[in-house]
Amino acid sequence: MQLIINGEAKELDATTIQDVVVHFGLEGRPLVVEADGEIVAKEQWPDIEVRPLMKIELVHFVGGG
Amino acid sequence: MDERLERYSRQMLFAPIGESGQQKLSESAVCIIGMGALGTVLANHMVRAGVGMVRIVDRDYVEKSNLQRQMLYDEDDVREGYPKAIAAERKLRRINSDVKIEAVVADVTVHNIDDLLGGMDLVLDGTDNFQTRFLLNDACFRRGIPFTYGGAVSSRGMSAILVPGKTPCLRCFLPSADSGGQTCDTIGVIAPVVDIVASYQAVEALKYLVEADKARRNSLVTFDLWSNYYYEMKLGEAAKECPCCQLKEYPALQVTETDQTVSLCGRSTVQISGHGPLNLEQWHKRLEPAAVKVELNAYLLKAELPEGERLVLFPDGRVLVQGTEDIVRAKTLYARYIGY
Ligand SMILES: [Zn+2]
């Protein structure tokens, strides 16, 4: 399915938000996911299904300084 | 123009600050926690801008690998092995002697955080880990002091100003302080990211201190300089179950049993404190029947346990569990023999 991940069109095999997070190897990272401009709570990642051209922003919190 | 204000002439010509903004800055006090890459840029901005009082806090010493990005330090500081807070103070005084600079060489913990925030209008986050940041977050939100979050690693950066009662806090976005293993020490960092992140923090600090509330950024800005990515995430409302914003629990400030349990690295020993004073003679009698061997002197009581480990009790309430580095194991033995 084609999704817009952090502004770029990407073709990937995913049914839910959780699949997208796993695809990019971001499980266990300090991450906030926005789908079409709305924050999706972590508990809901496995339940929210993605649809073609959904705009998904993977906001990866940065700890260094 | 007042001679003292001359150095701020260009900043005062900037209409949103002006002379009244400059006056507000001079009456403000800020605390910068962490004087590494972000902290040095932040301090540079605050001191040059003429913030009245700047408290800088760091536990570390200047090392050669800092010089690539920690802009207040130089080779002399490395040679002299100066604490960062002291080296920074020395440099900052030369930059602007009108600013009151207070250098604190200390590890920021639950025990001193509240004192460090005393009298401060705003806190600037120069920390390099989420654990200290969550402590800052909780202490600031409990006191009602805003803080500007900043993070930089690799070519990625992030910043937001978090204002108690007006914006969410860090915990609204992240349930735990786990950084996922990505730090400047594991995947590196390039200096331009640091300057940009800290400058985003600094400009929000200026807006806040001159009370330009309408100009406040209401988003979390995130970018990757190498891949030319930029995104702003709306801060929105506080999360429904946030332990800070809603439940007022401030988890990092709760001194729990765990906080008082430390594994003494490399010594096969776990220290558990938090018990009231221990009467060693009483404990001698109590432990004698259960222990393999008990030894008492004027300063401590040693008890060899049938499990193989050893307990060492001190009159001040500390107990060392020797023969393990496993905190859970240590607490099990502690519960078994000392109780709580
Ligand atoms: Zn919150």
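Residues numbered from 1 in each chain as written. Chains lettered and ligands numbered in written order. Predicted model: local features only at pLDDT ≥ 70, side-chain atom pairs only at ≥ 80, totals over all residues. Heavy atoms only, no water.

### Digging into the side chain of T222 of chain B
And step 1. Here T222 of chain B is to be found in strand β7 (residues 219–224).
And step 2. Classification of T222 of chain B by relative accessible area gives buried; the value is 6%.
And step 3. In contact with T222 of chain B, not counting residues within four places along its chain, are V59 of chain A together with G157, M158, Y229, Y230 and Y231 of chain B. (Helix = DSSP H or I, 4+ residues; strand = E, 2+ residues; numbered from the N terminus. Buried < 20%, exposed > 50% of the residue type's maximum accessible area, 1.4 Å probe, protein only. Contact = heavy atoms within 4.5 Å.)

### Here's the deal with the pairing of strand β10 (residues 269–272) of chain B
Note on strand geometry: in a regular strand, side chains alternate between the two faces of the sheet.
Residues and elements named next belong to chain B.
And step 1. Side chains T269 and Q271 of β10 all project onto a buried face; the interleaved residues V270 and I272 project onto the opposite face, where all are buried too.
And step 2. Of the pairings in the sheet, the one linking β10 to strand β14 (residues 319–322) comprises four bridges and is antiparallel in character. In the strand pairing of β14, T269 is matched with Q322. (Pairing = 2+ DSSP bridges.)

### Some details on the confidence of the model for chain B
And step 1. Summarising the model, chain B shows a mean pLDDT of 91, and 94% of its residues fall at 70 or more.
And step 2. The ipTM for the predicted assembly is 0.90, set against a pTM of 0.80. (pLDDT = per-residue confidence, 0-100.)

### Section: the coordination of the zinc ion
All names here are of chain B.
And step 1. Bound to the zinc ion on the protein side are C169 (SG), C172 (SG), C242 (SG) and C245 (SG), at distances that span 2.3 to 2.4 Å.
And step 2. Taken together, the four donor atoms coordinating the zinc ion and their angles of 102 to 125 degrees define a geometry best described as tetrahedral.
And step 3. Sequence spacing of the donors to the zinc ion: C-x2-C-x69-C-x2-C. Highlighted residues: C169 in the loop between β6 (156–162) and α8 (170–173) and C245 in the loop between β8 (229–234) and β9 (261–264), separated in sequence by 76 residues. You'll find C169 and C245 in the same group, each marked buried. (Donors = N, O, S within 2.8 Å, 3.2 Å for Na, K, Ca; no water. Tetrahedral: all angles 85-135°; square planar, octahedral: opposite > 155°, others 65-115°.)

### Some details on the packing of aromatic side chains
And step 1. Evaluated as defined, the whole model comprises four aromatic pairs over all chains.
And step 2. Consider the rings of F61 of chain A and Y149 of chain B, whose centres lie 6.0 Å apart with planes at 20 degrees: the pair is stacked. Separated into two different chains, F61 of chain A in the segment after β5 (55–60) and Y149 of chain B in strand β5 (residues 147–153) make up a pair that spans both.
And step 3. Owing to a relative accessible area of 0%, Y149 of chain B belongs among the buried residues under this scheme.
And step 4. Measuring from centroid to centroid gives 6.3 Å for F130 of chain B and F134 of chain B, while their planes differ by 80 degrees, and the two rings are edge-to-face. Of the two residues, F130 of chain B and F134 of chain B are both situated in helix α7 (residues 130–143); the distance of four residues between them amounts to about one turn of the helix.
And step 5. Overall, F134 of chain B belongs to the buried group, its relative accessible area being 2%. (Phe/Tyr/Trp six-rings, centres within 6.5 Å; stacked < 30°, edge-to-face > 60°.)

### Observations regarding the environment of G118 of chain B
Residue and element names in this part refer to chain B.
And step 1. Relative to the helices and strands, G118 is located in the loop between α6 (113–117) and β4 (122–125).
And step 2. According to the relative accessible area criterion, G118 is partly exposed, its value standing at 25%.
And step 3. G118 sits 119 residues away from E237 along the chain, and the two C-alpha atoms are 27 Å apart.
And step 4. Those residues within four positions of G118 in sequence are excluded, and the remaining contacts are R55 and R143.

### Notes on a negative patch on the surface
And step 1. Negative charge collects at one region of the surface, where D2, E3, E6 and E19 of chain B lie side by side.
And step 2. Mapped onto the elements of the fold, E6 of chain B is located in the segment before α1 (9–13). (Patch = residues over 30% accessible without salt bridge, like charges linked within 9 Å, V, L, I, M, F, W, Y side chains within 5 Å. Areas by Shrake-Rupley, 256 points an atom, 1.4 Å probe, with all protein chains shown as cover. Salt bridge = Lys/Arg side-chain N within 4 Å of Asp/Glu carboxyl O. Lys, Arg positive; Asp, Glu negative; His and termini not counted. Charge placed at Lys NZ, Arg CZ, Asp CG, Glu CD.)

### Let's talk about the sheet that holds strand β4 (residues 38–40) of chain A
All names here are of chain A.
And step 1. Pairing is mixed across the open sheet formed by five strands, whose spatial order is β2-β1-β5-β3-β4. Each edge of the sheet is formed by a strand with only one pairing partner; in this case those strands are β2 (8–11) and β4. Pairwise comparison of adjacent strand axes, ignoring direction, gives a mean angle of 35 degrees for this sheet.
And step 2. As defined by bridge partners, strand β1 (residues 2–5) adjoins β5 across two bridges and the pair is classed as parallel. Bridging across to β5, I4 finds its partner in K55. (Axes fitted to C-alpha atoms, helices over the stretch in contact; angles between N-to-C directions.)

### Some thoughts on the nonpolar core
And step 1. Judged by nonpolar contacts, the single largest core of 88 residues is most densely connected at F61 of chain A together with M46 and Y149 of chain B.
And step 2. In this structure F61 of chain A touches P30 and V32 of chain A together with F130, Y149, M158, L170, F173, L174 and L220 of chain B, once residues within four positions along its chain are discounted.
And step 3. Residues V270, L305, A330 and I338 of chain B belong to the second largest nonpolar core, which totals 20 residues. (Core = buried A, V, L, I, M, F, W, Y, C linked by side-chain atoms within 4.5 Å.)

### As for the interface of chain A and chain B
And step 1. At the junction of the two partners, chain A supplies 17 residues and chain B supplies 31 residues.
And step 2. Of the roughly 1,900 Å² buried between chain A and chain B, counting both surfaces, carbon and sulfur atoms make up 62%.
And step 3. Looking only at chain A, the three residues that lose the most surface to chain B are F61, V62 and G65 of chain A, adding up to 36% of its buried area.
And step 4. Applying the counting rule to chain A against chain B returns zero salt bridges.
And step 5. Counting across the chain A and chain B interface gives ten residue pairs in polar contact (both at pLDDT 80 or more).
And step 6. Mapped by element, the contributors of at least two residues to the side of chain A that touches chain B are β3 (31–35) and β5 of chain A.
And step 7. Examining the composition of the side of chain A that touches chain B, we find that four residues originate from one element, β5 of chain A, more than from any other. (Buried area = accessible area lost by both parts, 1.4 Å probe. Polar contact = N/O pair within 3.5 Å; in protein donor to acceptor, adjacent residues only side chain to side chain.)

### Section: the pattern of salt bridges
All names here are of chain B.
And step 1. For the structure on display, the rule yields 19 salt bridges over all chains.
And step 2. The closest approach of N and O atoms between R310 and E304, which form a salt bridge, is 3.8 Å.
And step 3. Where E309 meets R329, a salt bridge forms, and the shortest distance between an N and an O atom there is 2.8 Å. With E309 in the loop between β12 (301–304) and β13 (310–313) and R329 in helix α12 (residues 327–337), this residue pair connects regions lying 20 residues apart in the sequence.

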